[in-house]
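Okay, here's what each chain looks like letter by letter:
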Amino acid sequence: MSADAAVATSIFAAFMVFTVVLGLLSVRVGRRTRMAAGGERGGGLADWSVGGRSLGSVFIWVLMAGEGYTSFSYLGAAGWGYNVGAPVLYVIAYMSCGYAVGYLVGPMLWGYARRHGLVGITDMVAHRYGRPWLGALVAVGATVCLLPYIQLQITGMGVVVSTISYGAISLNWAYFLAFAITTGFVVVSGLRGSAWVSVLKDVLVIGTLGFLACYVPVHYFGGYGDFLGRLVDEKAQWLTFPGHASGGLDQGWFVSTSFLNSLTVVIFPTTVAGYLGARSADTLRRNAVALPIYNVLLLVPMLLGMAALFVVPGLVGAESNLALFKLVVDSLPAWAVGVIGVAAALSSIVPMAVFMLVIGTMWGRSVLGLVPRLASRQKLGSQVVVVVAGALALLLTYTAPNTLVRLSLISYEGMAQLVPMLLVGLAWRRMTLYGALSGLVVGATLVSVLVFTDRDPLWGVNAGLLALAVNLAVALAVSLLGPRDTDERPDGEVLADWEPPAGAPAGAAEPVGPVGPAGPPSAGQAAAVADGG
């Protein structure tokens, strides 16, 4: 191992140890807080999965901001900027619009979940329609949409680790390190640990991207004037729609994708986990106002990807994702490479941890919770599922790297098909189980067909938005014209309040079994709650 590799990897290793220590400290602080409030020492599923619904403005801000800063920020955004150009700006557009939608939707979902003791979207749909098996069905479908993100974060972090080690650590070992560090971290620390580490990650992200935004144009071009002048003169195609060799990602695709993703991001299971961890609805509103400011930083890797066109031309295929790190490794000392690598690695660890946490919670609560013998051990079951999900993503990273990458094409477009079932269902009492389920099946089938037959975009429009329109039409038609539900619960039990009070009561003890129509917990459920889930 060269001296540069030794320096960079030592810095990386030190920060990874510090990350684990932060996770352990978060658990210790959470335990002290629970015991001071008269709670149990071990905590239950809600404490592990949604931080005990006690995270304040700062932790919620950094946790939800982390949704926008994954390994994509350092690799994919720069790669898109290098290969395509202008269409990559859809990321900033949809996330900013999504925060605006979240200003309304976040408090609504928070209030509904808090009132009924729910910990995720699978709980919500099961409670809304009074069918525990519906939560299990949604859990399976959501897992298919989330597993690609775990695999992609493993891949992204592996590339970062291998690159900052100057090739001393092979990709295969780097993939395993990404899996091992993240899995151990999330099993031990849960959502609260992710929030604590997000603070460290955000400090490094803001610092490193701010530094690179100033350093790269000055070092390679003498300043922004010369850089932007060359970009306009020599690479003008990258600055207009549909970009360079994008395959037709023009204005119609940009608008439809930004609109679809802004609706989808607010019901994405990882986003909802952030919502439900908040201390109050006002915390979510304040963060929805502030979060778009953070998105401005995403311009940096996109712009630097275009700068790499002049410095390291000729990158093709997956190599283009290394455009930003090529600039970093070639021009900066090893210690700086190590610090930037840590920022990129944490940008994989935090969102990957939340993805794994959400999958574990969905399965522990809505799938394993259907089995009576397992219903009282939901937290343990969720932690086991975390390990299994991470191991499956790692295995497929080694054996079939393109399989989940292909599935990632329908992740957002597939998750979008839950919008009528969840959001419309929580606002409109006449949405029936038959209508919501029919729309979901039709929408998911249509988007899968369009994506896997290479008809996305179709007529210049995002295929997921077209499928969502059909989904909504079917759901409304079946709800209005089809068989009626026999749910006799009052509206206040079924529907969400779009303006929940800032200090809505936490409600009864967290339910342990599958969530269905309201009713008192059984003696076994009450005992399980006392046991900590």
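Residues numbered from 1 in each chain as written. Predicted model: local features only at pLDDT ≥ 70, side-chain atom pairs only at ≥ 80, totals over all residues. Heavy atoms only, no water.

1. Concerning the overall build of the chain
A tally of helices and strands in the chain yields 23 helices and zero strands. Here the chain holds 533 residues, and 56% of them are scored as buried. Relative to all contacts within the chain whose residues are 6 or more apart in sequence, the contacts with residues 24 or more apart total 85%. Split by element, the accessible area of the chain, about 20,000 Å² in all, is 69% carbon and sulfur. (Helix = DSSP H or I, 4+ residues; strand = E, 2+ residues; numbered from the N terminus. Buried < 20%, exposed > 50% of the residue type's maximum accessible area, 1.4 Å probe, protein only. Contact = heavy atoms within 4.5 Å. Areas by Shrake-Rupley, 256 points an atom, 1.4 Å probe, with all protein chains shown as cover.)

2. Brief notes about the packing of aromatic side chains
Summed over the entire model, instances satisfying the criterion amount to 17 aromatic pairs. Ring plane angle 70° and centroid distance 5.6 Å describe the contact between Y94 and Y412, whose orientation is recorded as edge-to-face. A residue pair is termed long-range when its members are at least 10 positions apart, and Y94 in helix α5 (residues 90-116) and Y412 in helix α18 (residues 411-415) qualify at 318 residues. When its relative accessible area of 9% is taken as the criterion, Y94 is described as buried. (Phe/Tyr/Trp six-rings, centres within 6.5 Å; stacked < 30°, edge-to-face > 60°.)

3. Some remarks on the environment of W253
In this fold, W253 is placed in helix α10 (residues 251-264). Not counting residues up to four positions away in its chain, the partners in contact with W253 are W80, P87, Y90, G248, P457, G460 and N462.

4. A few points about the pattern of salt bridges
If you walk through the whole model with that rule in mind, you get five salt bridges. Between D282 and R285 there is a salt bridge, with its nearest N and O atoms 2.7 Å apart. You can see D282 and its partner R285 sitting in helix α12 (residues 281-295), three residues apart, about one turn around the helix. A relative accessible area of 12% means that R285 is categorised as buried. A salt bridge links D491 to R429, with the shortest nitrogen-to-oxygen separation between them at 2.7 Å. Of this pair, D491 sits in helix α22 (residues 491-494) while R429 sits in the loop between α19 (419-427) and α20 (433-452), placing them 62 residues apart in sequence. A residue is classified by how much of its surface remains accessible, and R429, at 24% relative accessible area, is partly exposed. (Salt bridge = Lys/Arg side-chain N within 4 Å of Asp/Glu carboxyl O.)

5. Description of unusual backbone geometry
Here the bond from F241 into P242 is cis, since omega is 5°, no more than 30 degrees from zero. Residue D456 is joined to P457 through a cis peptide bond whose omega torsion reads 5°. Among the structural elements, P457 can be located in the loop between α20 and α21 (463-481). Phi is positive for Y166, which is not a glycine, with a value near 55°. By secondary structure assignment, the location of Y166 is in the loop between α7 (132-164) and α8 (171-221). With relative accessibility at 30%, the residue Y166 sits in the partly exposed group. Its identity as a non-glycine residue notwithstanding, A245 has a phi of 50°, on the positive side. Examined against the element boundaries, A245 turns out to sit in the loop between α9 (224-234) and α10.

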